[in-house]
Amino acid sequence: MTQITDVAATIRERLQVLAPVALEIQDDSHLHAGHAGAHGGASHFTVRITSAKFEGLTPVARHRLVYDHLNDLMPYPIHALALETRTP
């Protein structure tokens, strides 16, 4: 469990650059037990983030902005990342 906690902490730290007013990181790995992408300890997360930096951006551009800060964590230790991006 420590590895997943560390990954969640890394996600939280990396996304601080977006100055989130709200940030929720949910570990969904247990829902994917036995899934090929879960082998070797790769994790599944849902990230809900609210940031003024998303103002005027399309949903795709918002997701790209988040992925820009997490890209090197995929496909390991993050196998899957579901995003919910909002503006305040």
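Residues numbered from 1 in each chain as written. Predicted model: local features only at pLDDT ≥ 70, side-chain atom pairs only at ≥ 80, totals over all residues. Heavy atoms only, no water.

Undergrad: Quick question: what am I supposed to make of the overall build of the chain here?
TA: In terms of helices and strands, the chain carries two helices and three strands. Every one of the 88 residues in the chain was classed for burial, and the buried ones make up 35%. The long-range fraction of contacts in the chain, counting pairs at least 24 apart against all pairs at least 6 apart in sequence, stands at 67%. For the chain, the accessible area works out to roughly 5100 Å², and carbon and sulfur atoms hold 55% of it. (Helix = DSSP H or I, 4+ residues; strand = E, 2+ residues; numbered from the N terminus. Buried < 20%, exposed > 50% of the residue type's maximum accessible area, 1.4 Å probe, protein only. Contact = heavy atoms within 4.5 Å. Areas by Shrake-Rupley, 256 points an atom, 1.4 Å probe, with all protein chains shown as cover.)

Undergrad: Explanation requested: the sheet that holds strand β1 (residues 22–27) in the structure shown.
TA: The strands that make up a sheet pair up through hydrogen bonds in the backbone, lying either parallel or antiparallel. Pairing is mixed in the open sheet, where three strands are placed in the order β1-β2-β3. Of all the strands in the sheet, the pair left with one neighbour each is β1 and β3 (78–86). Recorded for the sheet is a direction-independent mean angle of 15° between the axes of neighbouring strands. Helix α2 (residues 59–70) rests against β2 (43–50) and β3 of the sheet, and its axis sits at about 140° to β3. (Pairing = 2+ DSSP bridges. Axes fitted to C-alpha atoms, helices over the stretch in contact; angles between N-to-C directions.)

Undergrad: Teacher, can you tell me more about the side chain of Arg 62 here?
TA: Here Arg 62 lies in helix α2. Despite its burial, Arg 62 remains without a salt bridge, the nearest opposite charge being carried by Glu 55 at 6.3 Å. Among residues more than four places away in sequence, those in contact with Arg 62 are Phe 54, Leu 57, Thr 85, Arg 86 and Thr 87. (Lys, Arg positive; Asp, Glu negative; His and termini not counted. Salt bridge = Lys/Arg side-chain N within 4 Å of Asp/Glu carboxyl O.)

Undergrad: I would appreciate a short explanation of the pattern of salt bridges in the present structure.
TA: If charged atoms from side chains of opposite charge come close, those side chains can pair. A full pass over the atoms with the stated rule returns four salt bridges. Among the ionic pairs, Arg 14 bridges to Asp 72, the shortest N-O distance being 2.7 Å. Placement of Arg 14 in helix α1 (residues 2–15) and of Asp 72 in the loop between α2 and β3 is noted, with a sequence separation of 58 residues between them. Judged by relative accessible area, which is 28%, Arg 14 ranks as partly exposed. A salt bridge links Arg 86 to Glu 84; the nearest nitrogen and oxygen atoms lie 2.9 Å apart. On the basis of relative accessibility, which here comes to 40%, the residue Arg 86 falls in the partly exposed class.

Undergrad: Can you walk me through α2 in this structure?
TA: Because an α-helix packs 3.6 residues into every turn, residues spaced three or four apart end up facing the same way. For α2, spanning twelve residues, the distance from its first C-alpha to its last is 17 Å, which sits close to the expected 16 Å at 1.5 Å a residue. For α2, the complete set of buried residues consists of Arg 62, Val 66 and Leu 70. For α2, the buried positions fall inside an angular range of 75° around the axis, keeping them on one side. For α2, the exposed residues set more than 90 degrees away from the buried face come down to Arg 64 and Asp 68. (Expected span 1.5 Å × (residues − 1). Arc of directions from axis to C-beta.)

Undergrad: Got a minute to help me understand the nonpolar core in this structure?
TA: Nonpolar side chains tend to gather and get buried jointly when the protein is soluble and globular. Membership of the largest hydrophobic core comes to 17 residues, with the highest contact counts inside it found for Ile 11, Leu 15, Phe 45, Val 47, Ile 49 and Val 66. Elements supplying a minimum of two residues to this core: α1, β1, β2, α2 and β3. When residues of this core are assigned to their parent elements, the largest contribution, four residues, is made by α1. With sequence-adjacent residues up to four places away left out, Ile 49 is seen in contact with Leu 15, Leu 18, Pro 20, Ala 22, Leu 23, Phe 54, Val 66, Glu 84, Thr 85 and Arg 86. (Core = buried A, V, L, I, M, F, W, Y, C linked by side-chain atoms within 4.5 Å.)

Read these as spatial facts, not as claims about activity.
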